[in-house]
Amino acid sequence: MSSAELQAAQGRMGEQWTGIDWTACLRTVRSLQRRIVKSIHTGHWRKVKRLCYLLVHSFAARALAVKQVTENKGKKTAGIDGTVWSTPGQKMEAVRALAEWKGYRAKPLRRIYIPKKDKSQRRPLSIPVMDDRARQAVHALALKAIAETLGDTNSYGFRSKRRCADAIDQIFKILRQKNSACWVLEGDIKGFFDNISYHWMIENIPMNKRVLKAWLKCGFVDRGEMYPTDDGVPQGGIISPIIGNMVLDGLEKRVQGKSRFRRAYNINFVRYADDFVVTASSEVVLRDDIIPKINDFLELRGVQLSEQKTQITHISKGFDFLGQTIRKHRRRDGHLGKIQITPSRSALRAIKDKVKVICKTSGCLTQAQLIDRLNPVLRGWANYHRHVICGETFSKLDSYVWFRLFRWGKRRHNNKSGKWIASRYFGEQDGH
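Residues numbered from 1 in each chain as written. Predicted model: local features only at pLDDT ≥ 70, side-chain atom pairs only at ≥ 80, totals over all residues. Heavy atoms only, no water.

### Remarks on the overall build of the chain
Here's step 1: Regarding its fold elements, the chain presents 18 helices and 11 strands.
Here's step 2: Dimensions of the chain, computed from C-alpha atoms along their principal axes, come out at roughly 75 × 70 × 45 Å.
Here's step 3: Long-range pairs, those at least 24 residues apart, make up 67% of the contacts in the chain with a sequence separation of at least 6.
Here's step 4: Total accessible area on the chain is roughly 24600 Å²; 50% of this is exposed by carbon and sulfur atoms.
Here's step 5: The centroid of the 79 positive side-chain charges in the chain is displaced by 4 Å from the centroid of its 40 negative side-chain charges. (Helix = DSSP H or I, 4+ residues; strand = E, 2+ residues; numbered from the N terminus. Contact = heavy atoms within 4.5 Å. Areas by Shrake-Rupley, 256 points an atom, 1.4 Å probe, with all protein chains shown as cover. Lys, Arg positive; Asp, Glu negative; His and termini not counted. Charge placed at Lys NZ, Arg CZ, Asp CG, Glu CD.)

### Overview of the environment of Gly-418
Here's step 1: As for its placement among the helices and strands, Gly-418 is situated in helix H18 (residues 418–425).
Here's step 2: When the C-alpha atoms of Gly-418 and Ala-63 are compared, they prove to be 58 Å apart, with 355 residues separating the residues in sequence.

### Some remarks on the sheet that holds strand S5 (residues 225–227)
Here's step 1: As summarised here, the arrangement of the four strands in space is S2-S1-S4-S5, forming an open sheet in which the pairing is mixed. Two strands in the sheet have a free side with no partner beyond their single neighbour: strand S2 (122–127) and S5. Neighbouring strand axes in the sheet, compared pairwise and without regard to direction, differ in orientation by 40 degrees on average.
Here's step 2: Pairing analysis gives three bridges linking strand S4 (residues 220–222) to S5, with the strands arranged antiparallel. Bridge pairing links Phe-220 to Tyr-227 in S5. (Pairing = 2+ DSSP bridges. Axes fitted to C-alpha atoms, helices over the stretch in contact; angles between N-to-C directions.)

### Some points on the sheet that holds strand S11 (residues 336–343)
Here's step 1: The strand order across the open sheet built from three strands is S9-S10-S11, with neighbouring strands paired in antiparallel fashion. Of all the strands in the sheet, just strand S9 (319–321) and S11 have a single pairing partner and so form its edges. Direction aside, the axes of adjacent strands within the sheet are offset by 25 degrees on average.
Here's step 2: Bridge analysis of S9 against strand S10 (residues 324–330) gives three bridges, and the strand direction is antiparallel. Paired with Phe-319 across the bridge in S10 is Ile-326.

### Let's talk about the nonpolar core
Where a protein is soluble and globular, its nonpolar side chains tend to be buried together.
Here's step 1: Formed by 82 residues in total, the largest nonpolar core has its most connected members in Ile-36, Met-201, Ile-205, Ile-243, Val-278, Ile-290 and Ile-294.
Here's step 2: Here this core gets 11 residues from one element, more than from any other, and that element is helix H6 (residues 130–150).
Here's step 3: Setting aside anything within four residues of it in sequence, one finds Ile-36 in contact with Val-48, Leu-51, Cys-52, Leu-55, Ala-145 and Ile-146.
Here's step 4: Grouped together as the second largest cluster of nonpolar side chains are 21 residues, Cys-164, Ala-167, Val-184 and Phe-321 included. (Core = buried A, V, L, I, M, F, W, Y, C linked by side-chain atoms within 4.5 Å. Buried < 20%, exposed > 50% of the residue type's maximum accessible area, 1.4 Å probe, protein only.)

### Here we look at the state of the cysteines
Covalent bonding between the sulfur atoms of two cysteines defines a disulfide.
Here's step 1: According to the stated counting rule, one finds zero disulfides in the structure shown.
Here's step 2: Not part of a disulfide, Cys-25 finds its nearest cysteine sulfur in Cys-52, a span of 19 Å.
Here's step 3: Residue class for Cys-25 comes out buried when judged on its relative accessible area of 7%.
Here's step 4: No disulfide involves Cys-390; its nearest neighbouring cysteine sulfur is the one of Cys-164, lying 16 Å away. (Disulfide = S-S within 2.5 Å.)

The analysis is restricted to geometry; functional conclusions fall outside its scope.
In structure tokens form, the structure reads like this:
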């Protein structure tokens, strides 16, 4: 095919991509997902398998999968082949290629490292190529319907229509009463995604086993060297969070036990991804009964609790969860007061560090450009914490932002006085 013919073919594919009816595609996928949910409720698992096959091989699912991987934050991040889909013609060609599964083999992952919150360690991320990413997105549409139907009631991480605020709200509901549990188990799983048992996933994840094996055993490339993958699910894949949730589904029921035991000791469970809290009215119950149950549950899946991060805390001392501190202060008479939820110190420290970095790296920017960089960060952080007791924390952050902006102005005009800088950048306007 000549270059002119190739360009013409790509132009026709581009027109086909721009002409896709996305509302109809979404309606088709949602219809199949609803049928999957109904079949699960009735126990017709053979029908579930057939519906998943129809969904994975449908044009609507393939088009939505390509749209997802080409419009999310990682759309410009390539795998080991260096390929990205940026043009409409490439996207339409990808939709057609996803229909072929015969002889499919996943390509190795590209390993990168990002710093964790404490910055003392780095989290490994494995980046699939675009084709594998899109194929995972197709299967995720079917697997998501199953996971949402069978998921734990109080599981909030990586699930539709659920967010961190919902998890905090549930914790508030179970701890707000005077007779609520006063002991909290803060659970954290050590290297969760990297250590999940390969055999457990093959036996229990309800999807095409050949395709799942190809994703789990594809290996990764780190600094030019190839390494095999024996256990775990790669962090960075679209389907990985869904599989991670399915691995931990059932933990809530195992922890709470029978209804009589749950009511007697006021056992409650809230989980976000692989972080969870368990409340009880007795420290002994958490230490001698709940922790062994959790260890037995996790052992079958090849993971274990982190001894450093898992701890039992009294509500009067408070505990941190999802960037917020939950605590009941003791009154003078010894009784516990009302529950208070505030932004945690670590969360405030993290946003301060981020503001500091932005201001220090914006010396060459104008005042308007600096504001454009700061506003999304501050607005997002404030929106996340606005539902709790945040007035004092916001006041501290406001003072710190003013201080960093003043330092930024001082570096730009090191021969000017502080009064001149305040007048230049922090002057009052009419009506303000």
